[in-house]
Every structure is written in structure tokens, then in C-alpha cells.
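What follows is each chain in one-letter form.
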Amino acid sequence: MHTLEAIFPYMQSNHYQVIKNPVVFSNGQVRDNAEGGNKYIGYSLHTTELKQIGNVFNLGMSFDVATININVNFDAIETIYPYDTTSKEYMENTGNITTCVLPHHPHIEGVAGEIWAQSSDIIDYARRCYEYTATHLNYLANMGIHSLQDVIGKGGGDCGNFSSYYISLLRNRDIPARHVVGVMGQDNYHVWPEFYLQNYGWIPVDPTFKNGNPDGDYFGHKNSPHYITTLGLELTNYKFAESDEPMQLELMQLLYYQWWAYNPCTSTEFDFKIERTPTAIDNSFCIADNSISVYALGKRIFVEGSNGERIQVFDTAGRIVGGSNEGSVTVPTAGVYLVKVGSRFARKLIVVSK
């Protein structure tokens, strides 16, 4: 191993979360993004650090976080203001994004035109696009970020691709929209879109959750405990130490890395983890109402104190796997699940025993 370049997202406070006590490991450098407000941690490890067999490097960061729920009261919005086309929000969040967001793709032009003709205003159009995306795309797990043409050709994709399709529809009408990239735990990532409303701010939308739960309302509501790693799709054009070609980093949820091997003298193993430890500021492990108790026996999850409210259980991909008004839900397999009670998340990950 000659050189290892590693890049991690640097967690920041925003309208979804408050970050406290950030600690960057192993002398990583916090760097600004070339575009937008995202930051990242960069590492350059060379032969002198990598040559010893058994060397272990702890890369990344630790932090305390409090998540913020968002529930937009659209009835309180009396005036929809025209966009300031010179603003940062507008200029950075309209137009194309590589090949995954294409506002003027012929397919998008056709769908957007039909929906716009039925819409009364920007909010109504954004809601109709959310419902259209949720009902006209199929959820295809573990696809990764794909071009819009691939998503259209396959008839669907994962959460990032649902977001790209929705964002393309909004940007077709010059409505600023972007991806929100979140992580909740090891192997638990999620992406949803948000759109900007002048003088009001960013409004979250989740057509993927709507696809999995048609009766749910995820327009203007964010009540999941995901931590936000980046706002927007492209983190940076990162230029590696020994390469003149920049690499575009998309949907940065955990780590990007590249290395150059010249007569390598070591065998290198990478173990990437996201670990959650409840702290005073981290309320995402806490049940929203102390009167509610959530526990599992075998493959059955029990909720006491729900008072007949609808119980919904989601898997780590954000897909609904069961629901009931009777106080318990049976899940298909052993695993990790997120329980929602009524209009609020119980905010507890349940490890279901075999």
C-alpha cells in the first residue's frame, strides 16, 4: 500500500439536527466543499503509516446529536412568494445534476406538463408530484444512485432514485429542490428530497415512504431519527493526491476512499462502522411518550400504551413491514425495526430475537 485517501462527511447542525461536541479522529482535516455548505473530513495515509502489519487507524468522527422533527402547517401559508433567482437556494438547487436529475428529459417534460396543468400553485404541484412519484415508481432495493434514464427504464429504484425523479419534476418548473442524505445506524441509510419555498424555507417530502405506506402522509413531515450527512447530492469535486482528475462524490453517507498500490507489503482490511451510543443530547433512542412501552418476543413486537393508535413497523430500508391497531405486529424475520405509534415515532430500534 502506497497511499490511502479517505473521505468522510463532517456532521453539521442544520434544520434537521443540532450537532454538539464534534471530535475528528486521527488528525483528519475538515475541509470545505467546493460548492454548497457541506463539509468533509479528509485523510492522506502514506507508506510510513501503512507499512506495519497490524496497524489500525480510527478514521471518522464522533458527535452528540439531537434530531429535529419537522411538521409543516400548510394552512398557515397564505402567500406564495416568487423566487429570488439570484439567491443561493435558487441558484444551487435548480438545473441538472450529472445524469440523475434532468429537469428537461422528454419523459419529465411530459409528466410535469400534465401535473402542472392540474395544479393550483407551487405547493399543490409539489404535492401532486410527490403522489405521482410514490404511485408510478416501483421500489427496487439496493440499486444505488442511477441515471434518470435508468430509473425510467427500470420503472423505479431505491430511495435516492425516487428522490432524483421527484427533484427532476420540481426543477422542471424552476422550483429549487435537492436530496437529503441521512444515516441512522450501520447499514441503515435513507435519502429523501426537499423543496424550497421562498420566505418559508425547506420542506421535506418522502415519496419512498409514501410508496411503502400509501395511507401515510410524508409531505411536509420529517419524523424519522436519521442523522443528516449532506444536504444535496454532490459533496465535492475531490482531487486525490496522485491524480489530476477530480472525482465527483455523490450521495455521501459514510465513506469514499481510493488507494494506489506499488509493490504492496501489507494486507489491508477495512472495517467501516457507524455506532450509536445514547447521550444526553441524543434523544433518538428515547420513546416519544413515556407511557408507551415497546418490546419484542420472538418475531412479534408489542406496544403497550398505544391506546388503539395505528402501529407501523419499518425495516432498515424504510419499508413498512407491518401494521396494526391491536397493540402488536408480527415481523417477517429477525432483525432491526423502527416502530411508529400514531403520528409520532416511538423512536426506538427494536432488535427482534430469533
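Residue numbering note: each chain is counted from 1, following its sequence as written. Selection of residues for local features in this predicted model requires a pLDDT of at least 70, selection of side-chain atom pairs for listing and counting requires 80 or more, and totals for whole chains, interfaces and linings are taken over all residues. Here the side-chain values reflect all heavy atoms present in the structure, with hydrogen atoms and water set aside.

(A) Structural detail: the nonpolar core. For this analysis, a nonpolar core means a set of buried residues of the types Ala, Val, Leu, Ile, Met, Phe, Trp, Tyr and Cys, connected via side-chain atoms within 4.5 Å. The rule is simple: take the accessible area with a 1.4 Å probe, protein chains only, and divide by the maximum for that residue type; under 20% is buried, over 50% is exposed, in between is partly exposed. Tyr125, Tyr166, Leu169, Leu170, Phe195, Leu197 and Phe219 are the most contacted members of the largest nonpolar core, which has 46 residues in total. Helix and strand definitions here come from DSSP, where helices need a minimum of 4 consecutive H or I residues and strands a minimum of 2 consecutive E residues; each element is numbered from the N-terminal end. Tallying contributions element by element places helix H6 (residues 159–172) first for this core, with 7 residues. Contact between two residues is taken to exist if any of their heavy atoms lie within 4.5 Å; hydrogens are not considered. Contacts of Phe195, omitting those with residues within four sequence positions, involve Ala126, Tyr166, Leu170, Ile175, Pro176, Ala177, Gly201, Trp202, Ile203, Val205 and Phe219. Of all hydrophobic cores here, the second largest spans 14 residues; its members include Ala6, Met11, Tyr43 and Val183.

(B) Spatial organisation of helix H4 (residues 122–136). The length a helix should cover is 1.5 Å for every residue beyond the first. Here H4 is 15 residues long and its end C-alpha atoms lie 21 Å apart, about the 21 Å a rise of 1.5 Å per residue gives. Ile122, Ile123, Asp124, Tyr125, Ala126, Cys129, Tyr130, Thr133 and Ala134 are the residues of H4 that are buried. As for H4, its buried residues are in contact with helix H3 (106–118), H6, strand S10 (188–197) and helix H7 (207–212). Identification of polar contacts relies on pairs of N or O atoms within 3.5 Å, with a donor-acceptor requirement for protein atoms, meaning one able to donate a hydrogen and the other able to accept it, and with residues adjacent in sequence counted only if both atoms are side-chain atoms. At the N-terminal end of H4, a side-chain oxygen is found 3.2 Å from the backbone nitrogen of Ile123, two or three residues along, and the residue is Asp121.

(C) Main features of the packing of aromatic side chains. A pair of Phe, Tyr and Trp rings is counted when the ring centres sit within 6.5 Å of each other, with Trp represented by its six-membered ring. The angle between the planes then sorts it: under 30 degrees is stacked, over 60 is edge-to-face, the rest tilted. Tallying each qualifying case throughout the model produces 12 aromatic pairs. With a centroid separation of 5.7 Å and 80° between ring planes, the pair formed by Tyr16 and Trp192 is classed as edge-to-face. Of this pair, Tyr16 sits in the loop between strand S1 (3–10) and strand S2 (17–24) while Trp192 sits in strand S10, placing them 176 residues apart in sequence. A relative accessible area of 0% means that Tyr16 is categorised as buried. The exposure class of Trp192 is buried, given its relative accessible area of 3%. Relative to Phe162, the ring of Tyr139 has its centre 6.3 Å away and its plane inclined at 50°; by these criteria the two rings are tilted. In this pair, Tyr139 sits in strand S7 (residues 138–139) while Phe162 sits in helix H6, placing the two residues 23 residues apart along the sequence. Its relative accessible area of 17% is what places Tyr139 among the buried residues. Aromatic rings pair up to connect Phe74, Tyr130, Phe195 and Phe219 into one cluster. Any Lys NZ or Arg CZ that is within 6 Å of a ring centre and within 35 degrees of that ring's normal is treated as a charge sitting over the ring. For Arg127, the ring lying beneath its charged end belongs to Phe74, and the centroid distance is 5.5 Å.

(D) How the structure looks around H3. For H3, built from 13 residues, the straight-helix expectation of 18 Å at 1.5 Å per residue is met to within 8% by its first-to-last C-alpha distance of 19 Å. Taken as a whole, H3 has its buried residues at Ile108, Val111, Ala112 and Ile115. Across the axial projection of H3, the buried residues extend over an arc of 100°, all falling on one side. Opposite its buried face, H3 presents the exposed residues Pro106, Glu114 and Ala117, each directed more than 90 degrees away. Buried residues along H3 sit against H4, helix H5 (148–154) and H6. Summarising the geometry, the arc corresponds to the directions from the helix axis toward the C-beta atoms.

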